[in-house]
Amino acid sequence: MAIVLHSSPLLWARLAALIFSCVAFSVAVHGGNLYHGTGDWCIFCWAFSFAGTLLVILVELFGLQTKAPVSWKNFPITFACYAALLCLSASIIFPLHFLKGTGGSSEIRNYRIVSTVFSCLATIAYMIEVSISKARPGEVVGYMATAPGLLKVCETFVACIIFVFISDPTLYDNHDALRYCMAVYCICFILSAVIIILCIGECTGRLPFSFARFLSGYALLAVVLYLSATIIWPIFKFDPKHGGIKQRPSSCGSVGLCIWDKCMAIAVLTGVNLVLYLADLIYSTRLVFVSA
């Protein structure tokens, strides 16, 4: 089997991401003395990114793109975008939990600093890979390399973070309006995930309707749903007239996230996803007009 090696900025970006993510989790496992479930999440982010990037490099190295069970126009950039977001989250969470206000030996702290630095470098490398791989004007590429495709990745990632904060049923199970917000998060996440899977699996051409028009219609629906959730969630969580708490309770303290903090995080992330879906709607509508 012939080995195909073409030196390019994209290859160097992938190799850099591979090395940086490998160093990040190797150093953390070796001497970081991680004791919290948060550490497991960070290790997963780095190890998952490393394994996926290694797979992509090996497939292209041995010229197996045509034999891969996924669309190679969509898979690498989709994975790189997720890896960038995962490493970015680890670059924020890891120092907050394992560097800020922690004591311990200087050796352990040095290991943690090294992991944080290489996590940031991996994030930059993945962002460069996405920037190189994304569609340019006039290029014929897969949907996931376009702005709406990359926005779908961001939308699902933000929704996953919302699910982490809203995992406690007590946050949404005491009022129908809050259950509606939870339904909005689930419906939009599922539909966006299905779109990504259809693109990676190259199944969009088998649909009995226009995929471009479906994307535009779904983006409009998602904007309406998230707009309503952006209004409803703060009303029923922070307005005293509807049983909410306007100011952060003193019982929350200064360590960790209390229920009020989680509600505020969900409100902010709902607004972030609204902006993402709005941008998605604008780009998807443009795609419909261009294809027409």
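Residues numbered from 1 in each chain as written. Predicted model: local features only at pLDDT ≥ 70, side-chain atom pairs only at ≥ 80, totals over all residues. Heavy atoms only, no water.

So the rule is basically this: UniProt positions are given in the numbering used here, feature names are shortened, and annotations may be inferred rather than shown by experiment.
An unreviewed UniProt entry lists the protein chain under the name Myeloid associated differentiation marker, with Tetraodon nigroviridis given as the organism. UniProt, in the comment section headed Sequence similarities (unreviewed entry), describes the protein chain in these words: "Belongs to the MAL family."

### Regarding the overall build of the protein chain
Filter applied, for reference: Put simply, DSSP H or I for four residues or longer makes a helix, DSSP E for two residues or longer makes a strand, and each gets a number counted from the N terminus. In this treatment the radius of gyration is a C-alpha quantity, and the globule benchmark scales as 2.2 Å times the residue count to the 0.38 power.
Within the protein chain one finds eight helices and zero strands. Counting helices and strands in the order they occur from the N terminus, the protein chain gives α-α-α-α-α-α-α-α. Computed over its C-alpha atoms, the radius of gyration of the protein chain comes to 21 Å, within 12% of the 19 Å expected for a compact globule of 292 residues. For the protein chain, the spread of C-alpha atoms along the three principal axes comes to 65 × 60 × 25 Å.

### Regarding the packing of aromatic side chains
Each aromatic ring pair is characterised by the separation of its centres together with the angle its planes make. Put simply, the rule is: Stacked, tilted and edge-to-face are the three classes assigned to paired rings of Phe, Tyr and Trp, where Trp is represented by its six-membered ring and a pair needs centres within 6.5 Å; plane angles under 30 degrees give stacked, over 60 edge-to-face, the rest tilted. Burial classes follow relative accessibility: with a 1.4 Å probe on protein chains only, a residue under 20% of its type's maximum area counts as buried, one over 50% as exposed, and anything between as partly exposed.
If you walk through the whole model with that rule in mind, you get 18 aromatic pairs. Geometrically, the ring pair formed by Tyr143 and Phe211 is edge-to-face, given 5.9 Å between the ring centres and 75° between the ring planes. You can see Tyr143 sitting in the loop between helix H4 (106–133) and helix H5 (147–165) and its partner Phe211 sitting in helix H7 (residues 211–238), a full 68 residues away along the chain. Comparing Tyr143 with Phe211, the two get one shared label, buried. A network of ring pairs unites the aromatic residues Tyr143, Tyr185, Phe209, Phe211, Phe214, Tyr218, Tyr226 and Tyr277 as a single cluster.

### Focus on the domain arrangement of the protein chain
For the record, the criterion: An automatic or database domain assignment supplies the start and end points of every domain. Here, two residues are considered to be in contact whenever any of their heavy atoms come within 4.5 Å of each other. When two parts are brought into contact, each loses some accessible area as probed by a 1.4 Å sphere; the total of that loss over both is the buried area. Every case where a carboxyl oxygen of Asp or Glu lies within 4 Å of a side-chain nitrogen of Lys or Arg is listed as a salt bridge. Any pair of nitrogen or oxygen atoms within 3.5 Å is treated as a polar contact; in protein, a donor-acceptor pairing is required on top of that, and neighbouring residues in sequence qualify only through side-chain atoms on both sides. Residue type decides the class: Asp, Glu, Lys and Arg count as charged, Ala, Val, Leu, Ile, Met, Phe, Trp, Tyr, Cys and Pro as nonpolar, and the leftover types, Gly among them, as polar.
Here the protein chain is described as being made up of domain 1 (1–140) and domain 2 (146–291). Listed by partner, the interface residues are 15 residues for domain 1 and 10 residues for domain 2. Each partner contributes to the roughly 1100 Å² buried at the junction of domain 1 and domain 2, and carbon and sulfur atoms together form 80% of this total. Linking domain 1 to domain 2 there are zero salt bridges. On inspection of domain 1 and its partner domain 2, the count reaches four residue pairs in polar contact (both at pLDDT 80 or more). Examining the composition of the side of domain 1 that touches domain 2, we find that eight residues originate from one element, helix H3 (residues 75–98), more than from any other. Looking at the side of domain 1 that touches domain 2 residue by residue, the classes come out as nine nonpolar, four polar and two charged.

### Describing helix H2 (residues 37–61)
Rule in force here: For a helix, the expected span equals 1.5 Å multiplied by the number of residues minus one.
Along its 25 residues, H2 runs 36 Å from first to last C-alpha, staying within 8% of the 36 Å computed at 1.5 Å per residue. Every buried residue of H2 is listed here: Thr38, Gly39, Cys42, Ile43, Cys45, Trp46, Ser49, Gly52, Thr53, Val56, Ile57 and Val59. Tucked inside the fold, the buried residues of H2 contact helix H1 (9–31), H3 and H4. Immediately beyond the C-terminal end of H2, within one or two residues, lies Gly63, with a positive phi of roughly 65°.

### Concerning the environment of Ile196
With respect to the helices, strands and loops of the structure, Ile196 is situated in helix H6 (residues 176–200). With residues up to four places along the chain from it excluded, the contact list for Ile196 reads Thr78, Tyr82, Met144, Lys152, Val153 and Thr156.

### Regarding the packing of H3 against H4
If you want to describe how two helices pack, look at the angle between their axes and the distance between the axes. Let me state the cut-off plainly: Angular values range over 0 to 180 degrees, each being the angle between N-to-C directions of two axes fitted as lines to C-alpha atoms, with helices fitted over their stretch in contact. Roughly parallel means an angle under 35 degrees; roughly antiparallel, over 145; roughly perpendicular, 65 to 115; everything else is oblique. Two helices cross in a left-handed way if the nearer one is turned anticlockwise from the farther one by less than a right angle. They cross in a right-handed way if the turn is clockwise.
Where H3 meets H4, the axes come as close as 8 Å, and the angle between the chain directions of the two elements is 155°. Looking at the two axes, H3 sits roughly antiparallel to H4. You can see that H3 and H4 cross each other, and the crossing is left-handed. Grouping the amino acids of the contact of H3 with H4 by side-chain chemistry returns 17 nonpolar, six polar and two charged.

### Section: the packing of H6 against H7
For the pair H6 and H7, the least separation of the axes is 9 Å and the interaxial angle reads 155°. Here H6 lies roughly antiparallel to H7, going by the angle between them. Crossing angle aside, the handedness with which H6 passes H7 is left-handed. When the residues that make up the contact of H6 with H7 are grouped by side-chain class, the tally is 21 nonpolar, two polar and one charged.

### Brief notes about the state of the cysteines
We apply this condition: Any two cysteine sulfur atoms lying within 2.5 Å of each other are counted as a disulfide.
By the definition in use, this model includes zero disulfides. There is no disulfide at Cys87, and the cysteine sulfur nearest it, in Cys45, is 6.9 Å away. A relative accessible area of 0% places Cys87 in the buried class. Free cysteine Cys186: the closest other cysteine sulfur is in Cys188, separated by 9.6 Å.

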